[in-house]
Amino acid sequence: MRAKARNIDSNKDLSPQQREELLRALKARFEKNMNRHKGLEWAKVQAKLEANPEKLWSLKEMERTGGEPDVVGHDEKMGEYIFYDCSAESPKGRRSACYDREALESRKENKPKDNAMDMSAAMGVELLTEEQYRGLQKLGAFDTKTSSWVKTPSAIRRLGGALFCDRRYDTVFVYHNGAESYYAARAFRGSLRV
């Protein structure tokens, strides 16, 4: 069951002006951070984006919630460009969310407004895995003051836990918490393939 997350724009059609503004922002970020995608050309990325308007909508949601999405790779076999949230800190518009719907429903009081898994599904993105998170950290220093939920293996989740990561002391750390926990400095980072 796919629940609708808070503050997610249900109209998935971007106006021409919204599309132009988003493409302009993505292009500027792409050109400013060439170390994240060496050897890739913006014109090819833009052509792929324009051919997939539903992906543009997801990127708009990543942008709107503070994720600052950027290209971090190209899957040549699948012909897809890979975007991650590249904001310096965990996206502000997604903080104070527990891990998933089960965790949210298990809280008897002081419930957060939402959960990372439902929010990401409503945005059309996937939570980064621990491996993807570590890959992102090779491109820069992210989450030096915040933390981000990552996709948790089902064996850990079955036992009530969930994983999150951050970067401290120039090292990436992976931690565990009860999936129902939430903090003002923890959100999630998403990935999108276009």
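The structure we're discussing is the one just above.
Residues numbered from 1 in each chain as written. Predicted model: local features only at pLDDT ≥ 70, side-chain atom pairs only at ≥ 80, totals over all residues. Heavy atoms only, no water.

Q: Just checking my understanding: could you explain the nonpolar core for this structure?
A: General note: in soluble globular proteins, nonpolar side chains tend to be found buried as a group. Core analysis: the biggest nonpolar cluster contains 33 residues, and Val 45, Leu 49, Leu 59, Phe 83, Trp 149 and Phe 188 have the highest contact counts within it. Mapped by element, the contributors of at least two residues to this core are helix H1 (16-32), helix H2 (42-50), helix H3 (53-64), strand E2 (80-85), helix H4 (101-106), helix H5 (116-123) and strand E5 (161-168). When residues no more than four places from it in sequence are discounted, the contact partners of Leu 49 are Leu 23, Leu 26, Trp 42, Leu 56, Leu 59, Phe 83 and Val 194. Ile 82, Tyr 133, Phe 142 and Val 150 belong to the second-largest nonpolar core, a separate cluster that totals 12 residues. (Core = buried A, V, L, I, M, F, W, Y, C linked by side-chain atoms within 4.5 Å. Buried < 20%, exposed > 50% of the residue type's maximum accessible area, 1.4 Å probe, protein only. Helix = DSSP H or I, 4+ residues; strand = E, 2+ residues; numbered from the N terminus. Contact = heavy atoms within 4.5 Å.)

Q: I'm lost on the environment of Asn 33 in this one. Help?
A: Mapped onto the secondary structure, Asn 33 falls in the loop between H1 and H2. A relative accessible area of 15% places Asn 33 in the buried class. For the pair Asn 33 and Ser 147, spaced 114 residues apart in sequence, the C-alpha separation works out to 22 Å.

Q: Is there a simple way to explain helix H6 (residues 130-137) in this structure?
A: Where H6 is concerned, the buried positions are Tyr 133, Leu 136 and Gln 137. For H6, the arc enclosing every buried residue in end-on projection is 100°, short of the 170-degree limit, so these residues lie on one face. As for H6, its buried residues are in contact with E2, strand E4 (147-150), E5 and strand E6 (171-178). (Arc of directions from axis to C-beta.)

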